[in-house]
Amino acid sequence: MGVRLPPGSRLGPYEILGLLGTGGMGEVYRGRDTRLDRTVAIKILAPDLALDPEFRERFDREARVVSSLNHASICTLHDVGYEPGAGGDAGTHFLVMELVEGETLAARLAHGPLPFEQATRYAIAIAEALAVAHRSGVVHRDLKPGNIMIAKSGVKLLDFGLAKAARPAVSSGPPDAGPGPTMTTPLTARGSIMGTLQYMAPEQIEGGETDARTDIFAFGAIVHEMLTGRRAFEAKTQASLVAAILERQPPPLSTLQPLAPPAFDHIVARCLAKDPDERWQSAGDVMRELRWAAETAVPAGSTSAPRASRHATLAWTAAALGLLLAAALGTVLLRRPVVEADAAVVRSSVPAPRDFTFQFVGDSAGPVVIAPDGRSLAFVAADAGGTTHLVVHSLATAVDRPLPETDGATFPFWSADSRSLGFFTAGKLKRVNIIDGSIQTICDATQGRGGAWSRDDVIVFEPDYQTAIFRVPAAGGKPIQVTTIDGTTQTSHRWPYFLPDGRHFLYLAIRHGGSGEEGALWLASLDGKENRRLLQSRANAVALPGWLLFLRDDRTLLAQHFDDRRGVLSGDAEAIAENVIYDPATWRAAFDASRTGILAYAPGEAGSNSQLEQIERAGGRSAIFDKTMLLGDVGLSPNNRRVALSIGDPSDIWTVDLERGVRTRITSDATRSEVSPVWSPDGEWIAYGYFDISAKRQGRLARRRAGGVGDEEVLFERQTPGEPLYPVDWSSDGRYLLYVEGAPDRSSGGHIWLLPLTGDRRPIPFLHTREREYDGQFSPDGRWMAFVSEETGGRQVYVAGLSAAAPEQGPTSRWQISSTPGILPRWRGDGRELFYLGVDNRIMVAAISTRGSDLAVDSVRPLFTVNPQLTRSAYDVTSDGQRFLVNTLGDREQLPMTIVVNWPSALGR
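Definitions and limits used
- Within each chain, residue numbers correspond to sequence positions counted from 1 in written order.
- Local features are withheld for residues below a pLDDT of 70 in this predicted model, meaning they are given only at 70 or higher, and side-chain atom pairs are given and counted only at 80 or more; totals for whole chains, interfaces and linings count all residues.
- As a rule here, side-chain values cover all heavy atoms of the structure and leave hydrogens and water aside.
- In these notes, a set of buried Ala, Val, Leu, Ile, Met, Phe, Trp, Tyr and Cys residues joined through side-chain atoms within 4.5 Å is what counts as a nonpolar core.
- Burial here depends on accessible area, computed with a 1.4 Å probe over protein chains only, as a share of the maximum for the residue type. Under 20% is buried, over 50% is exposed, and the range in between is partly exposed.
- We count a stretch as a helix when DSSP gives it H or I for four or more residues in a row; a strand needs E for two or more, and each element gets its number in order from the N terminus.
- The contact rule is simple, with two residues in contact once any of their heavy atoms fall within 4.5 Å.
- Using a 1 Å grid laid over the protein atoms alone, points where a 1.4 Å probe fits but cannot get out form a cavity; open sets with protein on both sides within 12 Å along at least 5 of 7 lines form a pocket; any residue with an atom within 4 Å of a point counts as lining.
- Grid points are joined across faces, edges and corners, and a volume is the space filled by probe spheres set on the points.
- Two strands are said to pair when DSSP picks up at least two bridges between them.
- Criterion for a salt bridge: a side-chain nitrogen of Lys or Arg within 4 Å of a carboxyl oxygen of Asp or Glu.
- The convention used is that axes are lines fitted to C-alpha atoms, helices contributing only their stretch in contact, and that angles between N-to-C directions extend from 0 to 180 degrees.
- Just so you know how the angles are binned, under 35 degrees is roughly parallel, over 145 roughly antiparallel, 65 to 115 roughly perpendicular, and the rest oblique.
- Residue polarity is assigned by list, with Asp, Glu, Lys and Arg as charged and Ala, Val, Leu, Ile, Met, Phe, Trp, Tyr, Cys and Pro as nonpolar; anything else, Gly included, falls into the polar class.
- Along the arc lie the directions from the helix axis toward the C-beta atoms.
- The pairing test for Phe, Tyr and Trp rings, Trp by its six-membered ring, is centres within 6.5 Å, and the orientation test on the planes gives stacked under 30 degrees, edge-to-face over 60, and tilted for anything in between.

(A) Layout of the nonpolar core. Among the nonpolar cores identified, the biggest contains 71 residues, and Leu105, Leu143, Phe219, Met226, Phe233, Val286 and Leu290 are the most heavily contacted of them. With twelve residues, helix α4 (residues 116-135) is the largest single contributor of residues to this core. Not counting residues within four places of it along the chain, the set of residues in contact with Leu290 comprises Ala123, Ile124, Ala127, Phe219, Phe264 and Ile267. Counting 50 residues, the second largest nonpolar core, distinct from the first, contains Ile459, Leu521, Ala577 and Val900.

(B) Fine view of the layout of surface pockets. There is about 1,500 Å³ of room inside the largest pocket. Around the largest pocket, the lining is made up of 41 residues, and of these Ser153, Asp383, Thr387, His389 and Asp407 lie nearest the centre. At the level of elements, α4, β8 (148-151), β9 (154-157), β15 (400-402) and β57 (854-865) are the ones that each hand at least two residues to the lining of the largest pocket.

(C) Spatial organisation of the pairing of strand β40 (residues 651-657). Most of β40 sits inside the fold, with seven of its seven residues counted as buried. Of the two faces of β40, the one carrying Ser651, Ile653, Thr655 and Asp657 and the one carrying Asp652, Trp654 and Val656 are both buried. Pairing geometry for strand β39 (residues 642-648) and β40, over seven bridges, is antiparallel. Paired with Ile647 across the two strands is Asp652, which belongs to β40. Bridge analysis of β40 against strand β41 (residues 663-665) gives three bridges, and the strand direction is antiparallel. Of the residues in β41, the one forming a bridge with Thr655 is Thr664. The turn joining β40 and β41, which pair antiparallel and follow one another in sequence, is formed by five residues; a positive phi near 75 degrees is taken by Gly661.

(D) Examining unusual backbone geometry more closely. The backbone of Ala426 sits at a positive phi, close to 50 degrees, despite the residue not being glycine. Along the chain, the position of Ala426 falls in the loop between β17 (420-425) and β18 (428-433). Located in the positive-phi region is Asp457, a residue other than glycine, with phi close to 60 degrees. Counting through the fold element by element, Asp457 comes out in the loop between β20 (451-453) and β21 (458-461).

(E) Local environment of the pattern of salt bridges. By the definition in use, this model includes 32 salt bridges. Between Lys156 and Glu98 there is a salt bridge whose closest N-O contact spans 3.0 Å. Highlighted residues: Lys156 in strand β9 and Glu98 in strand β6 (residues 92-98), separated in sequence by 58 residues. The class for Lys156 is buried, based on a relative accessible area of 9%. Under the relative-accessibility criterion, Glu98 is labelled partly exposed at 21%. In this structure, the salt-bridge partner of Glu462 is Arg494, at a minimum N-O distance of 3.8 Å. Of this pair, Glu462 sits in the loop between β21 and β22 (470-473) while Arg494 sits in strand β24 (residues 492-498), placing them 32 residues apart in sequence. Classification of Glu462 by relative accessible area gives buried; the value is 0%. The class for Arg494 is buried, based on a relative accessible area of 1%. The structure contains a network of salt bridges with shared partners spanning Arg617, Arg828, Asp830 and Glu833.

(F) Layout of the packing of α4 against helix α6 (residues 212-228). Two elements in contact, α4 and α6, have axes whose closest approach is 10 Å; the angle formed by their N-to-C orientations is 170 degrees. Looking at the two axes, α4 sits roughly antiparallel to α6. Residues Phe116, Ala119, Tyr122, Ala123, Ile126, Ala127, Leu130 and His134 of α4 pack against Ala212, Asp215, Phe219, Val223, Met226 and Leu227 of α6. Residue composition of the contact of α4 with α6, grouped by class: twelve nonpolar, one polar and one charged.

(G) Up close: the sheet that holds β21. In spatial order, the strands read β20-β21-β22-β23; together these four strands make up an open sheet with antiparallel pairing. Two strands lie at the open edges of the sheet, namely β20 and β23 (480-481), each paired on one side alone. When β21 meets β22, the two strands line up antiparallel, connected through four bridges. Its bridge partner being in β22, Val458 is matched across the sheet by Pro473.

(H) Inspection of the sheet that holds β57 at higher detail. Strand order across the open sheet formed by four strands is β54-β55-β56-β57, with antiparallel pairing between neighbours. Because the sheet does not close on itself, it has two edges, and the strands there are β54 (823-827) and β57. On average, adjacent strands in this sheet sit at an angle of 25 degrees to one another, irrespective of strand direction. Of the pairings in the sheet, the one linking strand β56 (residues 842-851) to β57 comprises ten bridges and is antiparallel in character. Residue pairing for β57: Ile848 is matched across the bridge by Val857.

(I) Highlighting helix α7 (residues 238-247). The set of residues buried in α7 consists of Leu241, Ala244 and Ile245. Taken down its axis, α7 places every buried residue within 95 degrees of arc, on the same side. Opposite the buried face of α7, by more than 90 degrees, sit the exposed residues Ala239 and Glu247. Tucked inside the fold, the buried residues of α7 contact α5 (202-205) and α6.

(J) Region of interest: the pairing of β56. The pairing of strand β55 (residues 833-837) with β56 spans five bridges and is classified as antiparallel. Each bridged residue has a counterpart across the sheet, and for Glu833 the counterpart in β56 is Ala847. Taken together, β56 and the strand that follows it, β57, pair antiparallel across an intervening segment of two residues, in which Gly852 is found at a positive phi of about 65 degrees.

(K) Seen up close, the environment of Pro367. In this structure, Pro367 sits in the loop between β11 (357-358) and β12 (369-370). C-alpha of Pro367 to C-alpha of Ala589: the two residues are 222 residues apart in sequence and 7.7 Å apart in space. The residues contacting Pro367, other than those within four sequence positions of it, are Gln359, Phe360, Ala378, Phe379, Phe411, Pro412, Arg588, Ala589 and Ala590.

(L) Focus on the packing of aromatic side chains. Throughout the structure, instances matching the rule amount to 16 aromatic pairs. Relative to Tyr507, the ring of Phe505 lies with its centre 6.1 Å away and its plane at 40 degrees, an arrangement referred to as tilted. There is no split in this pair, since Phe505 and Tyr507 are both buried. Ring geometry for Tyr739 against Trp753: centres 6.3 Å apart, planes inclined by 10 degrees, an arrangement best described as stacked. Placement of the pair is Tyr739 in strand β47 (residues 736-741) and Trp753 in strand β48 (residues 751-756), with a sequence separation of 14 residues.

Right, dumping it as structure tokens:
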């Protein structure tokens, strides 16, 4: 290639950071895109390739096609460039690609076969990527383990569609010495040989025409190697290797891996057919066969795989248990009773997927739900980077399959035919087909709290966390309200669940800040004619033929006889599970059951105890204190040395000295909840809102000395019952308290007021439109106010201009800061940056510049991802913008889910 590019050198806007490696087409460098401030991979083309004008023309054409591919398992091509040389230098031709961190599949296979569930997951992802590329007319032609990278998020295919244009090169070493160089020609001329020999299709070796089926042959060889740890074709010399590929069949998977399900033998053998017409004709067909096999196949034997990891052994054990599950399913699938009384009870466990953690609590959660046919589970899990994904787990094979394009999904629910899942993400209600991965947006849903899908393709759901239940066609449309919130004893209808008739459903009616007696399960009909209270509860419930499953306050799961036709309970409730995870912040327990007699639940600690975590902007995290308390709102003192918190349910206000760890209780009244602490600009006072724990609550604003001494001073008291009042900020001159009336819901509240702290203290409407506004924050100089508005339908962050001398006159101008949904804006101490919580729980930062009465947003970018316990004030930031205190769910000890088949048989024993 020549002299390597030293760090710091430039190729147009790209800065070279260091060499990553070399390959048949040139050298690969780590680089930085100085325009977008992102790290990339830069491939420098070998000079002899770059000097060939026919190659460059073909290469540029192929690159344009590849750059249009968009799939999670295809390495993205960002740019193609040329840097002119000096003097007689011909210059440098280069590619700019997504930088994928990890190890190649070839390096991983050097240590032996992959666990079955991992190999299956990778195979399906590779087949998906091939299907996407082939539909766009792009064929890889050099698919091999060395061109597949294993990253934290899964597999990535490298050099997609580009290897076809490389030059010929024949390895002089033995065929089993490693992945080896690539045998290719400058163009795809008839008679040329392209591809790495061990993974080449017969038509490639013979110089014939190649197409998508050529990739399918290589794919079959890779799957064979992932499952067995051995190449499909092996020989001592190159000549004998060619003969093996052209003439011999590889050994069946089952002879090398006795536990491989028979269906996989058939899939791989057909991929490796000598005649392209005998192979699978599309990668999409292969993908669907793999998914079907993963969902329905059972391992063929019972001996351990060679060199298998402990996790793989657990997977095989769970898969063997699938035989018992399948047998149980066969006896109950079509029966109306859940299960016969004398059926055997079978128990098993489902651990979190490898490199994932369950996400069972919090606003970004997705507790387990069972498919109506009883064959699969779905849940939300977070990867190592904190990104959440929708995962489907097969009970028959123990295979976990993260669904593509479901990042940030919450609260999934199954369709009646078990083929699709509904879920919430990015302010929308969506559906995903679990067979082909296709996703459809159904309607808006700002912050959904559960859904249910009837056999008539009607979905009932709560679109936001303080609304009634709505219904919408599963194909999409305008939601129609079904239930009505009374506004006094209820603020939310959530967690709907259809009864077996598909016309009636259960839901939980609850009041934010209310007492336990106010929560109840209700039974309603789709036509709105029936709506009645069923029993007291503060959690979701499941209605099955003959049974109602619900949670008791001590996190015990109960079952009680239930006439689902008349909606009547009878007999005594019996305990069927203890210590079920329950999230009091969302009133959701992590359990589900199907009419096939399967129960799934997550055992563990009380669900939503969160921790105060300090996150450095430059990296690094540490817990301020443990998770023994139910934390709420967070507010940093002006000098950044203390933090005020609301703790408990009902909550009190506390302060914590961040240097000494000393905690001071500011309020202590068991008859009411104090929330949303806000510091005065001199750090002497803490203002907060409070309301009585009763049906006749009144909104009040008060303050106390930050040291906890002296009496409480009531600042404002509303004389009529209504929404609670939440302080959100205190002006820097001390003259005004900014507060919000009510939470941001779909029916009431969500208005911003100014409360003068002198004179008659008469509240002044500040932002009080037909839409909801909340999360107000004064800028440090008092000239601006950041807030959240729903005027565009979703939650967006805005900044309004103010008169610093007379903010009571209201906004003089406004600018939209966020382009995607955002909440909880927080200013840096100098007003030059504005932080907010964006989509997928990312802390975003907007660079702000001002000139006179004009404001400009110079840039908006993400800083890091958090796992917040979303409250009215889930985080705060130090005045220098370098440290964030976040009420986070943190890292929990993850226990496996418990699966119980034929659970009713254990009752009465």
